[in-house]
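So you can see what is in the structure, the chains are spelled out below.
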Amino acid sequence: MLAFLARHSALFLFIAALIGFAFPHLSLALFPYLPYVLFALMLFTLLGINQSLLVRALGQWRVWLYAFVHAVALTIITCTIAWGLGASDNMLLAISGICATGSLFATPAIIRSLEMDALIAMAYTIASTLLMPIVLFINLSLLSGEAFSLDLHSYIARLVIFIFGPMGMAALFHAWIKPEKLKRIHGKLAQFTIVLVFSFPLGLVGPIGAMWQKDSGYALELLAISVALCMLFFAVVYCIYRRYGEEASMIAAVTAVNRNVLLTYTVAGAALGPVFLPLIGAIQLPIYLQPLLVRWGVRLKRASHNATTDNSLK
């Protein structure tokens, strides 16, 4: 059963988002437990990644270029467009919060489900998360009309728990357990890891589902904005990383769309305004539709390439 779910994870991720949208009370009930799922997801993902290679990857300049593009460049581009289109102050504040947000910790598992390199995706995730508090503070300073306090103590604690904690535990497992045995263990956990990811679309989409039941027009507007944001994130990063090849640009673009909005909301809370919570609910649908579309696009492109190659050989 787990193998079947892992094999069709892209589809089931989107289905989980639809279920949370249709049953917002179920989604909102799951929401408080998501931090615990986040920790387990990070640990299981890191068990399959060589820690020294991960540290080496974080030393690459293109990883930090990615983090800059992910948070700073996309904030400037997106907020400028939103301001030009006449977005309200609360909407602009919410959008800036999403732009500052680091990549979703589930991204490496999603990248692995697309049969791409999870290591560089993990490096992108960690780098963008480390940059997040700085960019978020600047965004709130510029756009918040009221006094706010960024809970850096909480952020640092969560940084230690959800990044350095799993990294440290994974490093100990790598040191204490023979590589062959650890590989077998991770092989079993890998299928379960993608199942854990299902809880994020299911548990975060509740606010927009509740909004849909009260004001479907406004909920539809938020969904349209979310789709536009994800398309913009994907297009900008894909174009920037195209020089590194098709797979590299696809990994960067997919990672840019995934946003760990749960951590951002925990850190900044009410300072992000009343629109942020329903907007992060709305953005779950395009975020988790993305792997399905990317997988379909990759398969279509491979089939086209194979057909062209076969024709050239005839």
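Check the entry above for the structure.
Notes on the structure in this doc start here.

About the cut-offs
Residues numbered from 1 in each chain as written. Predicted model: local features only at pLDDT ≥ 70, side-chain atom pairs only at ≥ 80, totals over all residues. Heavy atoms only, no water. Helix = DSSP H or I, 4+ residues; strand = E, 2+ residues; numbered from the N terminus. Rg over C-alpha atoms; globule rule 2.2 N^0.38 Å. Buried < 20%, exposed > 50% of the residue type's maximum accessible area, 1.4 Å probe, protein only. Contact = heavy atoms within 4.5 Å. Areas by Shrake-Rupley, 256 points an atom, 1.4 Å probe, with all protein chains shown as cover. Salt bridge = Lys/Arg side-chain N within 4 Å of Asp/Glu carboxyl O. Disulfide = S-S within 2.5 Å. Axes fitted to C-alpha atoms, helices over the stretch in contact; angles between N-to-C directions. Parallel < 35°, antiparallel > 145°, perpendicular 65-115°, else oblique. Left-handed = near helix turned anticlockwise from the far one by under 90°. Nonpolar A, V, L, I, M, F, W, Y, C, P; charged D, E, K, R; others polar. Arc of directions from axis to C-beta. Phe/Tyr/Trp six-rings, centres within 6.5 Å; stacked < 30°, edge-to-face > 60°. Lys NZ or Arg CZ within 6 Å of the ring centre and 35° of its normal.

### Things to note about the overall build of the chain
Helices and strands together make up the secondary structure of the chain, namely 18 helices and 0 strands. Taking 2.2 N^0.38 as the reference for a compact globule, 314 residues should give roughly 20 Å; the C-alpha atoms of the chain span a radius of gyration of 19 Å, in line with that estimate. With the C-alpha coordinates aligned to their principal axes, the bounding extent of the chain is approximately 60 × 55 × 40 Å. Buried positions account for 52% of the 314 residues belonging to the chain. Long-range contacts, defined as pairs at least 24 residues apart, comprise 83% of the intrachain contacts of the chain with a sequence gap of at least 6. Total accessible area on the chain stands at roughly 14500 Å², and carbon and sulfur atoms take up 69% of it.

### As for the environment of Tyr244
The topology assignment puts Tyr244 in the loop between helix 14 (216-241) and helix 15 (246-257). Expressed as a C-alpha distance, the spacing of Tyr244 and Ala268, which sit 24 residues apart in the sequence, is 35 Å. Residues contacting Tyr244, with those up to four places away along its chain left out, are Trp61 and Arg62.

### What about the pattern of salt bridges?
Evaluated as defined, the whole model comprises 1 salt bridge. Arg242 is the partner of Glu246 in a salt bridge, and the nearest nitrogen-oxygen pair spans 3.2 Å. By relative accessible area, which is 27% here, Glu246 ends up partly exposed.

### A look at the state of the cysteines
This model, assessed by the stated rule, comprises 0 disulfides. Free of any disulfide, Cys230 has its nearest cysteine sulfur in Cys99, 10 Å distant. According to the relative accessible area criterion, Cys230 is buried, its value standing at 5%. Cysteine Cys239 is unpaired, with the sulfur of Cys230 as its nearest cysteine sulfur at 16 Å. For Cys239, a relative accessible area of 59% gives the class exposed.

### Some words on the packing of helix 6 (residues 61-84) against helix 7 (residues 89-100)
In contact at an axis separation of 8 Å, helix 6 and helix 7 are set at 160 degrees when each is read in the N-to-C sense. Taken together, helix 6 and helix 7 sit at an angle that is classed as roughly antiparallel. Crossing of helix 6 against helix 7: the hand is right-handed. Residue-level inspection shows His70, Ala71, Leu74, Thr75, Thr78, Cys79, Ala82 and Trp83 of helix 6 in contact with helix 7, the latter providing Leu92, Ile95, Ser96, Cys99 and Ala100. For the contact of helix 6 with helix 7, the per-class residue count stands at 9 nonpolar, 4 polar and no charged.

### Describing helix 5 (residues 51-58)
Along helix 5, the residues classified as buried are Gln51, Leu54, Ala57 and Leu58. Along the axis of helix 5, the buried residues cluster in a sector spanning 120 degrees; they form a single face. Close packing links the buried residues of helix 5 with helix 4 (34-47), helix 6, helix 9 (118-143) and helix 10 (152-176).

### Re the packing of aromatic side chains
Under the counting rule described, the total for this entry stands at 8 aromatic pairs. Arranged with centres 6.1 Å apart and planes meeting at 70 degrees, the rings of Tyr66 and Tyr241 form a pair that is edge-to-face. Of the two residues, Tyr66 sits in helix 6 while Tyr241 sits in helix 14, which places them 175 residues apart along the sequence. An aromatic cluster of three or more residues is present, and its members are Tyr66, Tyr124, Tyr241 and Tyr244. Directly above the ring of Tyr244 sits Arg62, whose terminal nitrogen or CZ lies 5.3 Å from the centroid. Arg259 extends its terminal NZ or CZ atom over the ring of Phe233, reaching a point 4.4 Å from the ring centre.

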